[in-house]
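A look at the structure
What follows is the residue order along each chain.
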Amino acid sequence: MEIKKTDFLLTLSIIGLLLLGTVGSAVAVRSDSNHNIDITDSAGCKPLAEPEAKIKNVIVLVPDGCSQSLETLARWYSGKPLELDNMVTGTVSTYSTDSVITDSSSAATAFATGYKTTNGFISVGPSNSTVLSTLETPPEKLQYRPLATVLEASKLKGKATGLVVTVRASHATPAAFAAHVYERDNENEIMKQMVYENIDVVFGGGSSYLVPVSEGGVRTDGENLTKVLLDRGYQYVDDRDKVMNLTSGKVWGIFASGHMASDINRPYLAPNQPSLEQMTGKAVNLLSQNKKGFFLMVEGSQVDGGGHANDPIYSVTEFLAFDKAVKVAVDFAKKDGHTIVLVFPDHNTGGMTIGSYSDSNYMSTTVEDVIGPLKGMKLNSIGVASKIGKNLSSENIKTQIKTWWGIDATDDDVTEILKLYNNGKGFPLDYALSEVISRNHTVIGWTTHGHDGSDVPLWAYGPDRLTGHVDNTEIAGYIAKEMGLDLNRANSRLFVEADDVFSKDNGDGKLDKNEYILDMTNSSNPVLRIGDAKLPVDENILVRNGITHELEGIVVYAPVTGKVYIPAEVISLSK
Ligand SMILES: [Zn+2]
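What this report covers is the structure whose coordinates are included nearby. (Residues numbered from 1 in each chain as written. Predicted model: local features only at pLDDT ≥ 70, side-chain atom pairs only at ≥ 80, totals over all residues. Heavy atoms only, no water.)

Now for the overall build of the chain. Assigned secondary structure in the chain consists of 22 helices and 23 strands. For 575 residues, the compact-globule formula gives about 25 Å, and the C-alpha radius of gyration of the chain, at 24 Å, lands near that figure. Its C-alpha atoms put the chain at 75 × 50 × 50 Å along the principal axes. Relative to its full complement of 575 residues, the chain shows a buried share of 58%. (Helix = DSSP H or I, 4+ residues; strand = E, 2+ residues; numbered from the N terminus. Rg over C-alpha atoms; globule rule 2.2 N^0.38 Å. Buried < 20%, exposed > 50% of the residue type's maximum accessible area, 1.4 Å probe, protein only.)

Relative orientation of the contacting elements helix H3 (residues 68–78) and helix H14 (residues 367–375) amounts to 80°, with a least axis distance of 10 Å. Considering the angle they form, H3 stands roughly perpendicular to H14. Facing Leu 73, Trp 76 and Tyr 77 of H3, the residues of H14 in contact are Val 367, Val 370, Ile 371, Leu 374 and Lys 375. Split by residue class, the contact of H3 with H14 holds 7 nonpolar, no polar and 1 charged. (Axes fitted to C-alpha atoms, helices over the stretch in contact; angles between N-to-C directions. Parallel < 35°, antiparallel > 145°, perpendicular 65-115°, else oblique. Contact = heavy atoms within 4.5 Å. Nonpolar A, V, L, I, M, F, W, Y, C, P; charged D, E, K, R; others polar.)

Our focus in this paragraph is the coordination of the zinc ion. The protein atoms donating to the zinc ion are Asp 64 (OD), Asp 64 (OD), Ser 104 (OG), Asp 346 (OD) and His 347 (NE2), with metal-donor distances spanning 1.8 to 2.7 Å. Here the donor residues of the zinc ion share one chain and are spaced in sequence as D-x39-S-x241-D-H. A residue pair is termed long-range when its members are at least 10 positions apart, and Asp 64 in the loop between strand S1 (57–63) and H3 and His 347 in the loop between strand S8 (339–343) and strand S9 (348–349) qualify at 283 residues. For His 347, a relative accessible area of 0% gives the class buried. (Donors = N, O, S within 2.8 Å, 3.2 Å for Na, K, Ca; no water.)

Let us now look at the side chain of Gln 400. Note on placement: Gln 400 falls in helix H16 (residues 394–405). What makes Gln 400 buried here is its relative accessible area of 15%. Setting aside residues no more than four positions away along its own chain, Gln 400 makes contact with Val 384, Lys 387, Ile 388 and Trp 405.

All right, on to the sheet that holds strand S5 (residues 235–237) then. Pairing is mixed across the open sheet formed by 10 strands, whose spatial order is S5-S6-S4-S3-S7-S1-S8-S13-S2-S14. One side of each edge strand has no neighbouring strand; the edge strands of this open sheet are S5 and strand S14 (468–471). Put simply, the sheet's adjacent strands are angled 15° from each other on average, direction ignored. Taken together, the 4 bridges between strand S2 (residues 88–93) and S14 define a ladder with parallel strand orientation. By the bridge assignment for S14, Ser 93 is matched with Asp 471. (Pairing = 2+ DSSP bridges.)

A few words on the environment of Phe 502. You can see Phe 502 is positioned in the loop between helix H21 (498–501) and strand S16 (503–504). If we skip the residues at most four places from it in the chain, Phe 502 touches Lys 513, Asn 514, Tyr 516, Ile 530, Ile 566, Ile 571 and Ser 574.

The following block contains the structure:
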């Protein structure tokens, strides 16, 4: 058993080096400095100490889906420097293993775990069937394997952890810090894993993913995770006043059934929801009560929505709301002195430009040309589409655009909008509205409704700032090094392949203590059984002889390979 375990640790380390080696030597070097594969030295004299860390806290802030051009536009729009303007330190490359253009899940996997993966995967190893020609084929053992994140490694070190977003908490970016599935759309499973991850603070939307269909939610496994959270000692809050009144303890604050309202729409459509700035301040306040420090990820989630819709006012207002959250983090870091604030988009979205095909006279573009049309906008395109509602008459469309955007839409604009919308068979109405109005009434250009594969800016505050051009995988290694975390050790502590330490049930009718079986009797709630111990998949629970043990990590099942991964402590607990 012992030899097998050592083999496993070595294999994992080699896998790590192989994959990191494919993305540039700087990555391998950086990762190698943090590359302990065993906790005792070879002579067995004394345990090696954890790497000494001078940094106690790391706050990562991600403005999802933008580029430097949005920082420029936001500065013109607000008329003053941004908090981020003082913080530019470098650039980040973002490609995934199967595309030059990443999606949010593989991007977040890279900076949360240090491994590149396949688009759509949430902190599990890449499929080796679709790999860019410039990369080596990832090793078999890495495929679909759960990968430890900096948030999970922070927990192992006794630090507090938090996730703050304005989309569903189970959306790709937050999910990649605290869940392990190969389909980002499987948000029911993601939410369950997140609930059992023992995160101290979770703020965002998505309450419908906590509640079963029978009680008005979307969960098909019959589980009420809100009840689970309360049973596990969490406070559960659902509006701004309740969250702002919290003074201590663990909390889930879920403020919408789906995504939260966009920043610009909140006063009109959801005045009881907190802002990103308020949620960030409260999260820092709660997490910083842990003497051992904390890891917090804050996502300006809907910056990406502005890019996808090609909606300049949506993009700008989300980015400025995000910049306020950055200021909260930096103000804390200034006082604290042992905190790093690291900011970077996961990718660009929309390919926004200042200047466009409809702005042929760029030699004399005025400030008013750039921001004038945006200044009259009181809602984003989602808000205007909701005001238009089902009444798609030319008169109503023109009236709502005039009322909420201050723009006199022409008959040609309305014809274009309705053509793009195509009676609900084309673009969503908000995309159609913003694409046409942005093209015909502003000097802001767009090149795609999707993502863009170019590098993104890196901003940082604090001691030992990350600088220069880095790959997104290097960010995880940097955070780990600064906080004294060991991601390789976290991998071998949290995700042991059950096959490496136990045998599959031999079918003799009884399950010996070194045998395991995945019990699919209830297919929406599979249970791993090892001897007489039961471990529900996606939970951090081991039940044996009527006694429930809480584990330091969750049980993960990879359906494509049929493999099950368990925390290493299960090996001793099941003996
Ligand atoms: Zn994204």
